[in-house]
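Spelled out from the first residue to the last, the chains are:
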Amino acid sequence: MTKGLKLPNDFLWGGAVSAHQVEGAWQEGGKGVSIADVMMAASRTDPARVVTDKVEDGKIYPNHWGIDFYHRYKDDIDLFQQLGMRAFRTSIAWTRIYPNGDELKPNEEGLAYYEDLFNTLRSKGIEPVVTLSHFEMPNKLVQEYGGWRNRELIDMFVRFATTCFQRFHKQVRFWMTFNEIDNQSDWRFDHHLLQDSGLKLKEGENAEEAMFQASHNELVASARAVLAARKIDPQLQVGGMLAMVPIYPLTAKPEDQMEAMRAMQYRYFFGDVEALGQYPAWLRKYWRQKGYNVKVSAADADILRRGTVDFMGMSYYMSFATAERDDGEVEFDEHNDLVGNPYLPKSDWGWQIDPVGMRWILNWMQDRWHKPVMIVENGFGAYDKVEDGKIHDNYLIDYLRSHIAEMEKAVVLDGVDLIGYMMWSPIDLISASTGEMAKRYGLIYVDQDDTGKGSKKRLLKDSYFWYQRLIASNGADLQ
Ligand code: P53
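Residues numbered from 1 in each chain as written. Predicted model: local features only at pLDDT ≥ 70, side-chain atom pairs only at ≥ 80, totals over all residues. Heavy atoms only, no water.

## Overview of the pairing of strand β4 (residues 174-178)
Then comes step 1: β4 sits mainly inside the fold: five of its five residues count as buried.
Then comes step 2: The pairing of β4 with strand β5 (residues 237-243) spans three bridges and is classified as parallel. Looking at β5, one finds that Phe 174 is bridged to Gln 237. (Buried < 20%, exposed > 50% of the residue type's maximum accessible area, 1.4 Å probe, protein only. Helix = DSSP H or I, 4+ residues; strand = E, 2+ residues; numbered from the N terminus. Pairing = 2+ DSSP bridges.)

## A look at the pattern of salt bridges
Then comes step 1: Per the counting criterion, the structure on display carries 29 salt bridges.
Then comes step 2: Here Asp 37 makes a salt bridge to Lys 31, at a shortest N to O gap of 2.7 Å. Across this residue pair, the class does not change: Asp 37 and Lys 31 are buried.
Then comes step 3: The salt bridge partner of Lys 461 is Asp 384, with a shortest N-O separation of 2.5 Å. Here Lys 461, found in the loop between β12 (458-460) and α14 (462-472), pairs with Asp 384, found in the loop between β9 (373-377) and α13 (394-412); they are 77 residues apart in sequence, far enough to count as distant.
Then comes step 4: The class for Lys 461 is buried, based on a relative accessible area of 1%.
Then comes step 5: Relative accessible area serves as the criterion here: at 17%, Asp 384 is assigned to the buried category.
Then comes step 6: What you see here is one network of salt bridges that share partners, running through Asp 384, Asp 428, Arg 440 and Lys 461. (Salt bridge = Lys/Arg side-chain N within 4 Å of Asp/Glu carboxyl O.)

## Quick look at the side chain of His 216
Then comes step 1: On the secondary structure map, His 216 appears in helix α8 (residues 207-232).
Then comes step 2: By relative accessible area, which is 0% here, His 216 ends up buried.
Then comes step 3: Of note is the side chain of His 216, whose polar atom sits 2.8 Å from the side chain of Asp 300.
Then comes step 4: Ignoring any residue separated from it by four or fewer positions in sequence, one finds His 216 in contact with Arg 151, Tyr 279, Val 294, Lys 295, Val 296, Asp 300 and Leu 304. (Polar contact = N/O pair within 3.5 Å; in protein donor to acceptor, adjacent residues only side chain to side chain. Contact = heavy atoms within 4.5 Å.)

## Here we look at the site of the ligand
Then comes step 1: Of all residues adjacent to the ligand, which total 16 residues, the nearest are Gln 21, Ala 432, Ser 433, Lys 439 and Tyr 441.
Then comes step 2: A distance of 3.2 Å separates an oxygen atom of the ligand from a polar side-chain atom of Tyr 317.
Then comes step 3: Within the side chain of Tyr 441, an N or O atom sits 2.5 Å from an oxygen atom of the ligand.
Then comes step 4: By residue class, the composition of the shell around the ligand is seven nonpolar, six polar and three charged. (Near = heavy atom within 4 Å. Nonpolar A, V, L, I, M, F, W, Y, C, P; charged D, E, K, R; others polar.)

## Remarks on the sheet that holds β5
Then comes step 1: Ordered in space as β1-β2-β3-β4-β5-β7-β9-β10, the eight strands form a closed barrel in which the pairing is parallel. For this sheet, the mean inter-axis angle between neighbouring strands, taken without regard to orientation, is 30°.
Then comes step 2: The pairing of strand β7 (residues 311-315) with β9 spans four bridges and is parallel. Paired with Met 312 across the strands is Val 373, a residue of β9.
Then comes step 3: Contacting β5, β7, β9 and β10 (418-424), helix α12 (residues 355-369) runs over the sheet at an angle of about 155° to β7. (Axes fitted to C-alpha atoms, helices over the stretch in contact; angles between N-to-C directions.)

## Some points on helix α9 (residues 254-276)
Then comes step 1: For α9, which comprises 23 residues, the first-to-last C-alpha distance of 28 Å sits more than 12% below the rise-based estimate of 33 Å (1.5 Å per residue).
Then comes step 2: In the structure, α9 departs most strongly from a straight axis at Tyr 268, where the bend amounts to approximately 55°.
Then comes step 3: Residue Gly 277 follows α9 closely and has a positive phi angle near 85°. (Expected span 1.5 Å × (residues − 1). Bend = angle between axes of the 7 residues up to and from the residue.)

## A few points about the packing of helix α6 (residues 152-168) against α8
Then comes step 1: For the pair α6 and α8, interaxial distance at closest approach is 9 Å and the crossing angle is 30°. When the interaxial angle is binned, α6 and α8 end up roughly parallel. Relative to α8, α6 is oriented so that their crossing is right-handed. When α6 is examined against α8, the residues Ile 154, Asp 155, Phe 157, Val 158, Ala 161, Thr 162, Phe 165 and Gln 166 are found in contact with a partner set consisting of Asn 217, Val 220, Ala 221, Arg 224, Ala 225, Ala 228, Ala 229 and Ile 232.
Then comes step 2: Of the residues belonging to the contact of α6 with α8, the class tally is 11 nonpolar, three polar and two charged. (Parallel < 35°, antiparallel > 145°, perpendicular 65-115°, else oblique. Left-handed = near helix turned anticlockwise from the far one by under 90°.)

In structure tokens:
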């Protein structure tokens, strides 16, 4: 790092997971069935996860076992502490607190579980950072209420959020409302609509219009949660959370520039609303052009204006590129909107690796939203090989090192106001997109296969010791 320019001493170095990808114990502690509990396993070569209406016998639902964090969290947190982690991000499973979503009284067993989890973290000097809905909602709200296209969910979510703020405001200062709320802008993928908004399309329904209405209802719920938190404890910091994927123009052709700008506007209007408190002009016009009737009341607009977030949480894994459509020269993906970037390598799962994009997007966020930023996910899914109880995962070290180096430039050279960096994930877990265990992100290896078999024993990978040294040097020792 450039001499004399350093990260702040209280920088939150850490790691992140989500409840349904690690906890397992899907039927313990009074928990209800969530949308994650009805998603079957898929694979790298056949990546679409089949979603059933209810849990069916004989099918493989990897989130039912996770990595058994529900029972092993004390031991796992010991490993996080020895690693030197200063922050740990997880989520609260909505279904542990309100099993079906529409109850009026919370489930005490669920609250007690998270209370002990957060106390355990605090006692080890680790700051909990908590997402309320991480790709997860009670399945009843999907099946019987129609997911987030139904406004009744707003009150239910605010009740859930308020219960959590009231119970945990002494242990948890940093909160986020919805994980990667912007993924549903890619509404052509059914599972994005389901994970983000619990939307199962109806016969003849316009997916894009349904996505906009569901998103609006979530954005109102998010803003109301921000306002509720402020009332309960003004010390609380409530953020949005977006998957930040720069979408570059393929060339300097003005038409490609225009296409890329619109793609960025389209994906990030969620952040405009959460950070700036209103919908951008282009989107209001777009709804009118398309004849969409997105119901935004005057009262909603007022809530959005007042309930802006305190910070922006973000994940960063990769970048995309796009070009003018139908010019006949470039090859688009199956949705006819993205093109490959000839300058970037890809992971085994086809995710383009772009460290500079990390610095690029941090600058973009700061310039556009004027909020402190927290990196709450950044990582690399790969196949691991265990040799004599060791895992030499240099590919993960290379990925983290190059991305952290660019992050540090964004802070020390560009002045981005960054609260912390939580890599995804300190420990192997169930992949969100494919449900695989084989797509390993961890610094800590978990002995378990895609079908849930294995000892579940934890092993420390080379990357664990690398990250330990990095944190101890507050980001200076990138070797
Ligand atoms: P998996 C798409 C694009 C960027 C991030 O992803 C994404 C997704 C959805 O899969 O998800 C985030 O496990 C998400 C985590 C997830 C992680 O990235 O599909 O917030 O829950 O595990 C990595 O490889």
